[in-house]
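Structure assessment
Each chain, written out:
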Amino acid sequence: MSAQPSPRSRPAPHATPRPGSPNRGDGARARLTVAPEVARRRLRARLLMWAAALVTVASLFTLVAFHVFEAQSAFKLERLSKDRANEQLRYERLREQVASLSSAETVIVAAAKLGMVQGGTVVNLPVSSARPPGGPRVTVQPGSPSESYDKTKQALLAAP
Amino acid sequence: MRRLGVCSALLILGFGLIAARVGQLQLASGAKYKQLSVKLALHTIPLTAQRGSIFDRNGRDLAMSIEKTTVYADPTLVTDPVAEAARLAPVLHADEHALLQGLSDKGTAAKPRHFVYLAHTVDDAVARAAQALKLPGIGFVPESARSYPAGAVAASVIGRVRSDGPGLDGIERQYDHLLAGKSGELVVEQDPMGHDIPDTQRTRVDAQRGTDVVLTVDEDLQWQAEYSLLDQVKATGAKSGMAVVVDVTNGDVLAMASVLGATPTTPAAVAGPGDNNAPLTDLFEPGSTNKLITLSWALEHGHVTADTKFLVPESIQVEPNVAPYHDAEPHTGVPNGIEKWTTADIVRESSNVGTIEIAQRMHNQELADGLRAFGLGKQTAIEWPYQPAGLLLSPSRYYATGKYSTAIGYGVAVTGIQMLDAFATIANGGVTRPPRLLGATIDAKGVRHAAAVPAGSRVVSPNTASVMTQMLEGVVANGTGACAAIPSYVVAGKTGTAKKALATGGYTDAATMASFIGFAPADHPRFATLVVLDENNLRYGGEVAAPVFSEITQFALQQYGVTPSDVKNTQYSAARAVAAAAGNTCAVPHGSDLVAAQLRLQAQQAAAQNQSAGAAQAGAGAGGATSGRTGSTAGAGTTTASLPPDPSKHT
């Protein structure tokens, strides 16, 4: 053990020498100068201890919190991934449904259910014979497309 | 004090032992236990690559992959196989006995069986119903399934895939390397409940989705082609039929239809997945449609012009000991049956004799070169599994008749797409327009890559193509192909009616390949269409195939908004008059008309059967003295006089 005074045996800072006792003026003065330093040291040590404890607790708390957040994020990520997969699946099924419902086969079946029937032979009526017998004669305007057919045809072919 | 010391010592000893054991586990055996732990926790999850979709040219889905549920069993966990099989069978629509076998197959004690497939890729409703049963040992896994939302449309073109993925036929097979994609895997640590353990080892190799394939086919036009062809096959009782529509401007195949005729057990139907895609796989003798090549080559090499005149008799004998070639129709109203026809008339009337007279001006090698120049005898530009190149006789093996038979479309075997390619060449001003089925690909990132348009090569001059086109217009306006006319458009085309070869040699009257190949509008070609009907109740291509051509091509012209080139209906009116004079309605029967046509056909077939039965009875009654004559007559009946000689007889 060192010769230094124990921190627990706190000396009185201003002790009056007892009468008849040997004069200890120099030593008392020295103890009186040391005492504030010890107190500061003690205070510093206490503060350091508290700080270390605080840092430790905070670190531990942060670590735990970080892990909790990480775990939560992992679960959230997993859930999002599943949601994405489900939405993708839903999208594909809807796409298939659209393609299926708009296919010619489905349209024909649906039309048949509505009472529509397939037409028989298609008869194309030439324009020249479209006028019923005895019906009004269709007058062709000069310069109309029918009149200038070739010109119109060339124009259409140039810009279809 | 002493007791306290003993307790402390025991405590220290206890903790010391624990520390020693921990030290032993961590330091001495740590690596081993770490490995064991990782092995137990690590799971490798295969990531199956999603197969690419197949689209039509307008982006409509023809084939796509979607996730469905597969039902499996762990037989070791199944408590009552008999009861479970009985409950599952009606839900899964599966055979109860087969299910029972699967559920009972527990394997051996050394090697227990933990996985048996019960039903692949069932519908959602079925999966839900099976899950609701909550049977022990029955599990469910997601599995990718191929779906064809357009139904049977273009089924023989698209093909099919095996349950585990690879394409079996059609486009699915041809472009399997693109569609399949690349599988990946996810290595992850999981707890016993199957949850991922956070902040642990995780390795992921992403699966690469397959490339999407965009076809040149137009779903609507494809359906129209199949619909028209199917009804005509039904109406004529044909054995099968094929139709193809190609965009002459870029070679895109817009429709490729195959129809299978009725059999005693099945009705006529559009070819399904796994059936032959006839236009690319079936070989046949083209007959008169091949005259296009003969005449184009003769025009190109200056042997004839459109106005060159020929004296065309009804038949021609090219060699003294060989049966003569005949025209299909008798030459009536002219002295000695000899017509004075120009080249254009020969094309219009589809005269075999006239074409042979033209071929006589050509060398063997010249004709053979012409056939090859038009693409016969080699595969087309379309990428297709097992596409045949066709069969061409070597000019050295033409002998006496090979050149003439070839000139009129016999002794050569072609695919439908090859013949259509030849017509597309004429429509394209004499430059080949190689057909293509693949329009583009779309990679996993969604980037579209257009497929290259194969370059064409000049076969005949623009002038030859133009003259040939005019002659082909005559075929429709005033010839054998009148039924191919389309209102408001000018059509150019050629009919073909090829008798089918017998396995025993020679040809038969009882079976023909009736065809019509043409393009429209003739003055500004946009679409080239081929229609072929196999064994169609003995009718000409101009009667049975041309109306189908007209209906399909008219739909295409209207669908694509092609400008009408003959609003005065000059060609259409003339063609209708010709057809009406021949008593032909030029119609593909649909709906009630189809029912009536089928009834007529059945009545005809029944009458023919009665007639043949009566003839057989009469023959039997006549006795052995006339049997030789009967046999001779039968022989003449099956090998018609107008047939070209079989080239194989002259080897």
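None of the values given here were measured: they were computed from a predicted structure.

**With respect to the overall build of chain A**
Within chain A, the secondary structure is distributed over three helices and zero strands. Along chain A, helices and strands appear, N-terminal first, in the series α-α-α. Burial status across chain A gives 9% buried among its 160 residues. Only carbon and sulfur atoms are counted for the fraction: they give 65% of the accessible area of chain A, which is about 13,900 Å².

**Some remarks on the overall build of chain B**
A count of helical and extended segments in chain B gives 21 helices and 22 strands. Across the 651 residues in chain B, those meeting the buried criterion constitute 51%. Considering only contacts within chain B whose residues lie at least 6 apart along the sequence, 74% involve residues at least 24 apart. In the form shown here, chain B has an accessible surface area of approximately 29,300 Å², with 55% of it arising from carbon and sulfur atoms.

**Overview of the packing of helix α9 (residues 219-236) of chain B against helix α18 (residues 541-559) of chain B**
Residue and element names in this part refer to chain B. Between α9 and α18, the shortest axis-to-axis distance is 10 Å and the interhelical angle comes to 160 degrees. Between α9 and α18, the interaxial angle falls into the category roughly antiparallel. Between α9 and α18 lies a crossing of right-handed hand. Counting all contacts with α9, which are made through Asp220, Leu221, Gln224, Ala225, Ser228, Leu229, Gln232 and Thr236, the residues of α18 involved are Glu543, Val544, Pro547, Val548, Glu551, Ile552, Phe555, Ala556 and Gln559. Partitioning the contact of α9 with α18 into residue classes produces nine nonpolar, five polar and three charged.

**Overview of α18 of chain B**
Residues and elements named next belong to chain B. The terminal C-alpha atoms of α18 lie 25 Å apart, and with 19 residues this matches the ideal 27 Å at 1.5 Å per residue to within 8%. Within α18, 15 of the 19 residues are buried, which leaves the element mostly enclosed by the surrounding structure. Of the residues flanking the end of α18, it is Gly561, one or two places downstream, whose phi is positive at about 60 degrees.

**Focus: unusual backbone geometry**
Both trends apply: most residues other than glycine have a negative phi, and most peptide bonds are in trans. Residues and elements named next belong to chain B. Note that the residue after Ala520, namely Pro521, is joined by a cis bond; omega there is -15 degrees. In this structure, Lys134 takes a positive phi of about 50 degrees despite not being glycine. Within the element layout of this structure, Lys134 appears in the loop between α5 (124-132) and β5 (138-147). Of note, Cys586 is a non-glycine position whose phi angle comes to about 55 degrees, a positive value. The residue Cys586 is located in the loop between α19 (570-581) and α20 (591-622) in this model. Given the relative accessible area of 8%, Cys586 is considered buried.

**A closer look at the nonpolar core**
Residues and elements named next belong to chain B. Among the nonpolar cores identified, the biggest contains 91 residues, and Ile171, Met256, Leu437 and Met468 are the most heavily contacted of them. Top element by residues in this core is helix α16 (residues 416-427). It accounts for eight residues. Ignoring anything within four residues of it in the chain, the contact list for Met256 reads Val157, Gln222, Ala243, Val244, Asn277, Pro279, Leu280, Ile382, Ile417 and Leu437. Formed by 41 residues, the second largest nonpolar core is a distinct cluster that contains Ala225, Ala257, Phe549 and Ala575.

**Some remarks on the state of the cysteines**
Residues and elements named next belong to chain B. On inspection of all chains with the given rule, the structure shows one disulfide over all chains. Here Cys483 pairs with Cys586 through a disulfide, and the sulfurs are 1.9 Å apart. Its S-S torsion of approximately -65 degrees makes the covalent link between Cys483 and Cys586 left-handed. Linking Cys483 in the loop between α17 (462-478) and β20 (492-501) with Cys586 in the loop between α19 and α20, this pair joins segments that are 103 residues apart in sequence. Here the two residues Cys483 and Cys586 agree in accessibility, since each one is buried.

**Concerning the sheet that holds strand β13 (residues 269-270) of chain B**
Residues and elements named next belong to chain B. Here six strands make up an open sheet; going across it, the order is β13-β12-β11-β22-β21-β20 and the pairing antiparallel. Each having just a single partner strand, β13 and β20 make up the two edges of the open sheet. Bridging between strand β12 (residues 253-260) and β13 involves two bridges; their strand directions are antiparallel. Pairing of Val259 across the sheet is with Val270, part of β13. Contacting β11 (240-247), β20, β21 (507-520) and β22 (527-534), α18 runs over the sheet at an angle of about 25 degrees to β21.

**A closer look at the pattern of salt bridges**
In the structure shown here, the tally under the stated rule is 21 salt bridges over all chains. Where Arg93 of chain A meets Asp124 of chain B, a salt bridge forms, and the shortest distance between an N and an O atom there is 2.2 Å. Pair noted here: Arg93 of chain A is in helix α1 (residues 25-101) and Asp124 of chain B is in helix α5, and the two residues belong to different chains. For Asp124 of chain B, a relative accessible area of 25% translates into the label partly exposed. Salt-bridge contacts for Arg51 of chain B lead to Asp176 of chain B; the nearest nitrogen and oxygen are separated by 2.8 Å. You can see Arg51 of chain B sitting in the loop between β1 (42-47) and β2 (54-55) and its partner Asp176 of chain B sitting in helix α8 (residues 176-179), a full 125 residues away along the chain. Using a relative accessible area of 8% as the deciding quantity, one classes Arg51 of chain B as buried.

**Some thoughts on the packing of aromatic side chains**
All names here are of chain B. Under the definition given, this model contains seven aromatic pairs over all chains. Relative to Tyr117, the ring of Phe115 has its centre 5.0 Å away and its plane inclined at 90 degrees; by these criteria the two rings are edge-to-face. Relative accessible area serves as the criterion here: at 37%, Phe115 is assigned to the partly exposed category. Ring centres of Phe527 and Tyr560 lie 5.5 Å apart, and the angle between their planes is 65 degrees; on these two criteria the pair is classed as edge-to-face.

**Remarks on a nonpolar patch on the surface**
A contiguous nonpolar patch, built from Val6, Leu10, Leu13 and Leu17 of chain B and spanning about 410 Å² of accessible area, is present on the exposed surface. Its location among the elements puts Leu13 of chain B in helix α1 (residues 2-28).

**Structural notes on the environment of Arg128 of chain B**
Mapped onto the fold, Arg128 of chain B is located in helix α5. Separated by 37 residues in sequence, Arg128 of chain B and Val91 of chain B have C-alpha atoms that sit 9.6 Å apart.

**Some thoughts on the side chain of Asp212 of chain B**
Residue and element names in this part refer to chain B. Mapped onto the elements of the fold, Asp212 is located in strand β10 (residues 212-215). Within the structure, Asp212 has its side chain in polar contact with the side chain of Arg209 (distance 2.7 Å). Those residues in contact with Asp212 that sit more than four places away from it in its chain are Gly52, Ser53, Phe55, Ala440, Thr441 and Ile442.

**Points about α16 of chain B**
Residues and elements named next belong to chain B. End to end, α16 covers 17 Å across twelve residues, agreeing with the expected 16 Å (1.5 Å per residue, within 8%). Of all the positions in α16, only Gly416, Ile417, Gln418, Met419, Leu420, Asp421, Ala422, Phe423, Ala424, Thr425, Ile426 and Ala427 are classed as buried. Where α16 terminates, the next one or two residues include Gly429, which has phi positive at roughly 75 degrees.

**Describing the confidence of the model for chain A**
Residue and element names in this part refer to chain A. Predicted confidence across chain A gives a mean pLDDT of 72, with 52% of residues reaching 70 or more. Within chain A, no element has a lower average pLDDT than helix α3 (residues 149-158), which sits at 62, and none a higher one than helix α2 (residues 104-113), at 88. Scored below 50 in pLDDT, residues 1-10 shows three contacts in the model against residues more than four places distant or in partner chains.

**So, the side chain of Thr216 of chain B**
Residues and elements named next belong to chain B. Within the secondary structure layout, Thr216 lies in the loop between β10 and α9. A polar atom in the side chain of Thr216 sits 3.1 Å from the backbone oxygen of Arg436. Apart from residues no more than four positions distant in its own chain, Thr216 is found in contact with Arg57, Asp252, Val253, Leu254, Arg436, Leu437, Leu438 and Gly439.

Parameters and conventions
- Residues numbered from 1 in each chain as written.
- Chains lettered and ligands numbered in written order.
- Predicted model: local features only at pLDDT ≥ 70, side-chain atom pairs only at ≥ 80, totals over all residues.
- Heavy atoms only, no water.
- Helix = DSSP H or I, 4+ residues; strand = E, 2+ residues; numbered from the N terminus.
- Buried < 20%, exposed > 50% of the residue type's maximum accessible area, 1.4 Å probe, protein only.
- Areas by Shrake-Rupley, 256 points an atom, 1.4 Å probe, with all protein chains shown as cover.
- Contact = heavy atoms within 4.5 Å.
- Axes fitted to C-alpha atoms, helices over the stretch in contact; angles between N-to-C directions.
- Parallel < 35°, antiparallel > 145°, perpendicular 65-115°, else oblique.
- Left-handed = near helix turned anticlockwise from the far one by under 90°.
- Nonpolar A, V, L, I, M, F, W, Y, C, P; charged D, E, K, R; others polar.
- Expected span 1.5 Å × (residues − 1).
- Core = buried A, V, L, I, M, F, W, Y, C linked by side-chain atoms within 4.5 Å.
- Disulfide = S-S within 2.5 Å.
- Pairing = 2+ DSSP bridges.
- Salt bridge = Lys/Arg side-chain N within 4 Å of Asp/Glu carboxyl O.
- Phe/Tyr/Trp six-rings, centres within 6.5 Å; stacked < 30°, edge-to-face > 60°.
- Patch = residues over 30% accessible without salt bridge, like charges linked within 9 Å, V, L, I, M, F, W, Y side chains within 5 Å.
- Polar contact = N/O pair within 3.5 Å; in protein donor to acceptor, adjacent residues only side chain to side chain.
- pLDDT = per-residue confidence, 0-100.

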